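Here is how the chains run, residue by residue.
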Amino acid sequence: MYLTTLIYILVVLDVVSALYFVNWGPFPLVVKELGAPTAYLNVYVHVPAAIVLYIAAAAALILAVWGVWRGASERVVKWMDFSAHVVALLGWYAFISGTIWAAESWGTPFALDPRQMSILVLALVFSIYPAIRRGVEDPDRSVKLAQVFVIAGFVLVVVSLVAPIVAQAFHPRPGSTLTGTMGAYMGVRILLLTALFFALFFSKARGAGWLYVAGALAAVLLMYPWFVHHPLRVVNVTQSTIVLEDGTTLNVPPDSVLSPAFFNGTPTLPKNFVAVEGGGVFLVRHFSAYVNAALYFAFMFILLKIRERL
């Protein structure tokens with residue numbers, strides 16, 4: 001009873017925090033990449049899911065090794081099954097959400113980045129896991145094959161982790177992800193999702209998944225400026241004007257839209273999107289963050305449904 005309540009609380013916190021950060025959270029004022037700095041709001045949904053993907057893979061490995069060494073109890077097998085499903089599901093989410101983000105910040109959805117490609121392979125391989133568990137009639141043999149699969153598959157996890165170190169990559173090296181306020185908020189999201197992952201080992205929360213459906217709908221609704229105002233990208237600014245990608249010049253001080261208007265002498269508004277409403281100009285956060293938030297909620301809904309059946 002207490003664990004079920006805890007899961008509901010964690011799900012609510014997960015939904016509320018994700019929606020808050022992708023819409024109101026801080027973002028870098030200036031980025032070296034091609035796209036809008038507000039696309040970095042994706043870190044609040046993409047990165048925590050990717051981190052928990054690795055945590056789930058490590059948990060599956062430990063449970064598989066434990067089962068081989070000490071014998072696989074029903075509980076250990078169930079936890080291993082759940083962890084492997086999480087790896088596959090969050091692997092697909094990490095790949096899809098990263099691809100959507102890459103289209104803006106890297107200029108192409110498929111940059112052949114080693115982390116991006118290794119996550120795709122990892123998701124594909126672990127998607128085979130359910131077939132292994134269901135395709136072998138002998139329960140003992142099914143468990144043993146699953147244990148071997150998880151142990152062997154962990155090699156792909158290691159490859160994914162070290163890929164940005166040993167090969168030229170757009171992804172940052174492990175441990176070099178955003179720090180400061182953004183890093184702290186991202187850390188909160190990682191802790192929330194990690195706590196939810198382990199809480200689901202011990203209890204189900206029937207109906208909690210529908211909270212993620214509500215979150216997905218809210219994320220779509222938060223995209224309304226893109227549907228209503230048709231934002232345009234800023235290409236240049238002066239102290240008193242904003243120049244848009246279609247050549248329009250707005251006689252609006254840039255610091256009334258994004259403050260500070262200059263960071264170390266570099267204007268902060270270019271590459272961002274703005275919309276005009278009622279004679280005023282306002283900043284519009286990049287749609288990829290909302291799309292990936294909605295996708296995150298959809299994948300988490302599926303994850304909770306899978307947990308109900310395991």
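For the structure itself, look to the data block above.
None of the values given here were measured: they were computed from a predicted structure.

Draft legend 1. Expanded view of the overall build of the protein chain. Looking only at helices and strands, the protein chain features ten helices and seven strands. By the compact-globule yardstick of 19 Å for 310 residues, the protein chain fits well, its C-alpha radius of gyration being 22 Å. In terms of overall dimensions, the protein chain has C-alpha extents of about 75 × 45 × 30 Å along its principal axes. Looking at the protein chain as a whole, 52% of its 310 residues qualify as buried. Contacts in the protein chain between residues at least 24 apart in sequence constitute 74% of all its contacts with a sequence separation of at least 6. Carbon and sulfur atoms make up 67% of the accessible area of the protein chain, which amounts to about 14,500 Å² in all.

Draft legend 2. Seen up close, the side chain of S83. Looking at the secondary structure, you find S83 in helix α3 (residues 74-105). The exposure class of S83 is buried, given its relative accessible area of 0%.

Draft legend 3. Representation of the pattern of salt bridges. Tallied over the full model, the rule gives five salt bridges. Notably, a salt bridge pairs D81 with R133, separated by 2.9 Å at the nearest N-O pair. With D81 in helix α3 and R133 in helix α5 (residues 129-135), this residue pair connects regions lying 52 residues apart in the sequence. Among the charged side chains, a salt-bridge network with shared partners connects R206, K305 and E308.

Draft legend 4. Quick peek at the environment of I165. Within the secondary structure, I165 sits in helix α6 (residues 139-166). Separated by 50 residues in sequence, I165 and R115 have C-alpha atoms that sit 9.8 Å apart.

Draft legend 5. The arrangement of unusual backbone geometry in detail. Cis geometry is found at the peptide bond from S259 to P260, where omega equals 0°. Residue placement: P260 occurs in the loop between β3 (249-250) and β4 (262-263). One non-glycine residue, H230, adopts positive backbone phi at about 50°. Position of H230 relative to the elements: it lies in the loop between α9 (224-228) and β1 (232-237). On the accessibility criterion, H230 (57% relative accessible area) is exposed.

Draft legend 6. Here's a closer look at the pairing of β1. The sheet contact formed by β1 and strand β6 (residues 273-277) spans two bridges and is antiparallel. When the bridges of β6 are listed, R233 appears paired with F273. In textbook terms, the turn of a hairpin is the stretch between consecutive antiparallel strands, and for β1 and strand β2 (residues 242-244) this stretch comprises four residues.

Draft legend 7. Representation of the environment of F82 within the structure. The topology assignment puts F82 in helix α3. In this structure, the C-alpha to C-alpha distance between F82 and S118, residues 36 residues apart in sequence, is 22 Å. Apart from the residues within four sequence positions on either side, F82 is in contact with F197, L200, F201, L303, R307 and L310.

Draft legend 8. Region of the structure containing the packing of aromatic side chains. All chains considered together, the criterion is met by 25 aromatic pairs. Judged by centre distance (5.3 Å) and plane angle (20°), the rings of W79 and F201 are stacked. Here the residue W79 occupies a position in helix α3, and F201 occupies one in helix α7 (residues 180-202), the gap between them amounting to 122 residues. Classification of W79 as buried rests on a relative accessible area of 15%. Note on F197 and F201: the rings are 5.0 Å apart at their centroids and 65° apart in plane angle, and the pair reads as edge-to-face. Highlighted residues: F197 and F201, both in helix α7, separated by four residues, approximately one helical turn. The class of F197 is buried, set by a relative accessible area of 4%. Exposure remark for F201: the relative accessible area of 6% places this residue in the buried category. An aromatic cluster of at least three residues, connected via ring pairs, comprises W79, F82, F197, F198, F201 and F202.

Draft legend 9. Focus on the pairing of strand β7 (residues 280-284). Relative to β7, β6 runs antiparallel, the two sharing five bridges. Bridged to F273 within β7 is V284. Hairpin connection of β6 to β7: two residues between the antiparallel strands, including G278 at a positive phi of 55°.

Cut-offs applied
- Residues numbered from 1 in each chain as written.
- Predicted model: local features only at pLDDT ≥ 70, side-chain atom pairs only at ≥ 80, totals over all residues.
- Heavy atoms only, no water.
- Helix = DSSP H or I, 4+ residues; strand = E, 2+ residues; numbered from the N terminus.
- Rg over C-alpha atoms; globule rule 2.2 N^0.38 Å.
- Buried < 20%, exposed > 50% of the residue type's maximum accessible area, 1.4 Å probe, protein only.
- Contact = heavy atoms within 4.5 Å.
- Areas by Shrake-Rupley, 256 points an atom, 1.4 Å probe, with all protein chains shown as cover.
- Salt bridge = Lys/Arg side-chain N within 4 Å of Asp/Glu carboxyl O.
- Pairing = 2+ DSSP bridges.
- Phe/Tyr/Trp six-rings, centres within 6.5 Å; stacked < 30°, edge-to-face > 60°.

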